[in-house]
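A structural walkthrough
Now for the letters of each chain:
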Amino acid sequence: MCETFGVQENPTITAAEIARLAGVGRAAVSNWRKRHPDFPAPVGGTTASPEFDLIQVEQWLRTQGKLPELATADRLWRHLAAASDSPAAGLAAVGAFLLARQRGSRSGHPDAQLAPLLPDVDALADELGAQGAFDELWQRFSAPGPGRPFATPDDLADLMIGLAGVGGGSVLDPAAGSGAILRAAVRAGSTSVYGQELDPDLAKLASLWLALHDVSGEVSAGDSLRSDAFAGRTVDAVVCHPPFGATNWGDEELGHDPRWIVGTTPRTEPELAWAQHALAHLRVGGHAVLLMPPTVASRRAGKRIRGELLRRGHLRAVIALPPGVAAPHGVPLHLWVLRRAATDASPPPRALLIDAAGGDLADTAPRVLAAWRPPGTVG
């Protein structure tokens with residue numbers, strides 16, 4: 001299958017990418033901007049996250065003697081990041097080539113537009129292997145920057161997977177993005193992961209990562225609520241960072257969907273639709289962990305659904321997180337921990353509420369996990 005992407009005439013670069021390009025910390029870039037009046041001015045982005053002309057920055061760094069010899073991965077990524085369609089499309093094209101290389105086949109590699117990059121792709125794969133080469137480029141893709149989606153940070157994804165108690169069980173992420181939560185599930189020992197993602201380029205990236213790492217699973221492109229790729233399948237855990245505040249999520253055509261196991265989801269409560277979607281894919285006793293905006297816990301329209309989740313023993317914990325744990329959201333988000341309760345089971349006497357909004361996630365995550373799963377108990 002052929003992939004195409006073009007290079008912009010004026011590619012841009014973020015402060016974080018300038019730091020990586022020069023082999024320094026971001027503080028050094030900030031100091032250069034303050035102390036050197038000839039440092040290139042931003043050409044886009046925002047005040048908090050400016051973007052700079054890549055060519056101008058390279059020229060300035062070279063004049064100042066601050067431009068080291070580029071590593072192969074950095075040189076390759078600079079070309080991919082300038083892709084006109086999206087960095088995701090460029091990385092997917094390289095990933096498909098690396099997968100074919102890993103499997104000993106060069107047939108069907110990307111078209112001639114990728115040809116100038118192939119020597120660097122081959123050199124990186126010779127050095128690190130196909131899997132390692134893809135991971136190096138993936139790290140650069142996952143860093144904040146223009147044209148790239150906001151991925152669930154690894155520390156947050158690890159916490160969510162820890163709360164779900166994945167172990168070696170099967171995991172589904174129905175809003176998989178580029179696969180951050182699925183990768184966390186693999187790190188935790190899961191050997192069977194599934195995902196669905198609306199953006200086909202991101203779905204392809206997540207699927208390529210699984211294939212290159214020889215992980216059993218499947219990532220499908222499509223709308224999970226309107227066209228569930230895994231209808232009828234149950235898994236041990238569902239872990240998800242769903243889209244927030246969607247206004248056109250399919251409520252009209254899904255009014256009596258069998259996934260609404262605690263009642264029809266109101267039009268203004270799309271996040272509760274994702275919660276019920278997650279429950280519908282859980283085996284009895286399995287856990288779901290969803291990242292939610294804090295308003296879902298108190299909006300009037302969702303009161304009936306929240307009440308049913310509690311009464312039937314599905315809602316087990318709500319955890320308030322520190323502000324800023326998942327860009328671009330600056331408010332303290334919540335984690336909802338759900339459990340698929342048996343229909344004849346007695347509901348638990350209460351749900352656990354944890355306020356971890358103060359401090360840093362790295363410090364609070366171990367305490368959150370300890371509170372959710374005290375030693376010797378099962379959540």
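See the structure above.
Position numbers for residues start from 1 in each chain and track the written sequence from start to end. In keeping with the model being predicted, local features are shown solely for residues with a pLDDT of at least 70 and side-chain atom pairs are shown and tallied solely at 80 or more, while totals for entire chains, interfaces and linings include all residues. For side-chain calculations, the full set of non-hydrogen atoms in the structure is used, while hydrogens and water are omitted.

**A few points about the environment of Ala297**
- Every helix listed is a DSSP run of H or I at least four residues long, and every strand listed is a run of E at least two residues long, numbered separately from the N terminus. Looking at the element boundaries, Ala297 is found in the loop between strand S8 (282–292) and helix H11 (303–311).
- In this description, contact between two residues means that some pair of their heavy atoms is separated by no more than 4.5 Å. Discounting chain neighbours no more than four positions away, the residues touching Ala297 are Arg306, His334 and Trp336.

**A look at the pattern of salt bridges**
- In the sections that follow, a salt bridge refers to a side-chain nitrogen of Lys or Arg positioned within 4 Å of a carboxyl oxygen of Asp or Glu. What the rule picks out here adds up to 14 salt bridges.
- Across the pair Asp154 and Arg187 runs a salt bridge whose closest N-O atoms are separated by 3.9 Å. Within this pair, whereas Asp154 is found in helix H7 (residues 154–164), its partner Arg187 is found in helix H8 (residues 180–187), the two being separated by 33 residues in sequence.
- Burial status follows relative accessibility: with a 1.4 Å probe on protein chains alone, a residue under 20% of its type maximum counts as buried, one over 50% as exposed, and anything between as partly exposed. Note on Asp154: relative accessible area 39%, which makes it partly exposed.
- Looking at Arg187, the relative accessible area reads 45%, which means it is partly exposed.
- Ionic contacts of the salt-bridge type, sharing partners, join the residues Asp74, Glu136 and Arg140 into one network.

**Notes on the nonpolar core**
- By size, the foremost hydrophobic cluster in this structure holds 66 residues, and its most contacted members are Leu98, Phe134, Leu163, Leu205, Leu321 and Leu335.
- No other element matches the ten residues that helix H6 (residues 118–142) contributes to this core.
- Core analysis: the next-biggest nonpolar cluster, separate from the first, contains 29 residues, Ala175, Tyr194, Leu254 and Ala278 among them. Definition used in this section: a nonpolar core is a set of buried Ala, Val, Leu, Ile, Met, Phe, Trp, Tyr and Cys residues joined via side-chain atoms within 4.5 Å.

**Side note on the packing of aromatic side chains**
- Side-chain rings of Phe, Tyr and Trp (the six-membered ring for Trp) are treated as a pair once their centres are within 6.5 Å; stacked means planes under 30 degrees apart, edge-to-face means over 60, and tilted covers the remaining angles. For the structure shown, the criterion picks out eight aromatic pairs.
- Taking 6.3 Å as the distance between ring centres and 80° as the angle between the ring planes, the aromatic pair formed by Trp77 and Phe141 counts as edge-to-face. With Trp77 in helix H4 (residues 72–81) and Phe141 in helix H6, this pair connects stretches of sequence that are 64 residues apart. With respect to burial, Trp77 and Phe141 carry one shared label: buried.

**Concerning helix H3 (residues 54–63)**
- Of the positions making up H3, those classed as buried are Leu54, Val57, Glu58, Trp60 and Leu61. With its buried residues spanning 165° around the axis, H3 presents them on a single face. Across from the buried face of H3, at angles greater than 90 degrees, the exposed residues are Arg62 and Thr63.
- Along its buried surface, H3 packs onto strand S1 (12–14), helix H1 (15–22), helix H2 (26–35), strand S3 (50–53) and H4.
- One side-chain oxygen of the residue at the start of H3 lies 2.9 Å from the amide nitrogen of Gln56, identifying that residue as Asp53.
- The positive-phi residue at the C-terminal boundary of H3 is Gly65, with phi of around 70°. Relevant arc is that of directions from the helix axis to the C-beta atoms, nothing else. Under this definition, polar contacts are N or O atom pairs within 3.5 Å; protein pairs additionally need one hydrogen-donor-capable and one acceptor-capable atom, and for neighbouring residues in sequence, both atoms have to be side-chain atoms.

**Comments concerning the sheet that holds strand S11 (residues 352–355)**
- Spatial ordering of the open sheet is given by S6-S5-S4-S7-S8-S10-S9-S11, a layout of eight strands whose pairing is mixed. Two strands close off the open sheet at either side, each with one partner strand: strand S6 (216–221) and S11. Put simply, the sheet's adjacent strands are angled 10° from each other on average, direction ignored.
- Strands were regarded as paired on the criterion that DSSP finds at least two bridges between them. By the bridge criterion, six bridges tie S8 to strand S10 (residues 334–339) in an arrangement that is antiparallel. Of the residues in S10, the one forming a bridge with Leu291 is Leu335.
- Here helix H12 (residues 361–372) sits on the sheet in contact with S8, strand S9 (315–320), S10 and S11, set at roughly 165° to S11. Helix axes are fitted to C-alpha atoms over the stretch in contact, other axes to C-alpha atoms as well, and angles between N-to-C directions run from 0 to 180 degrees.

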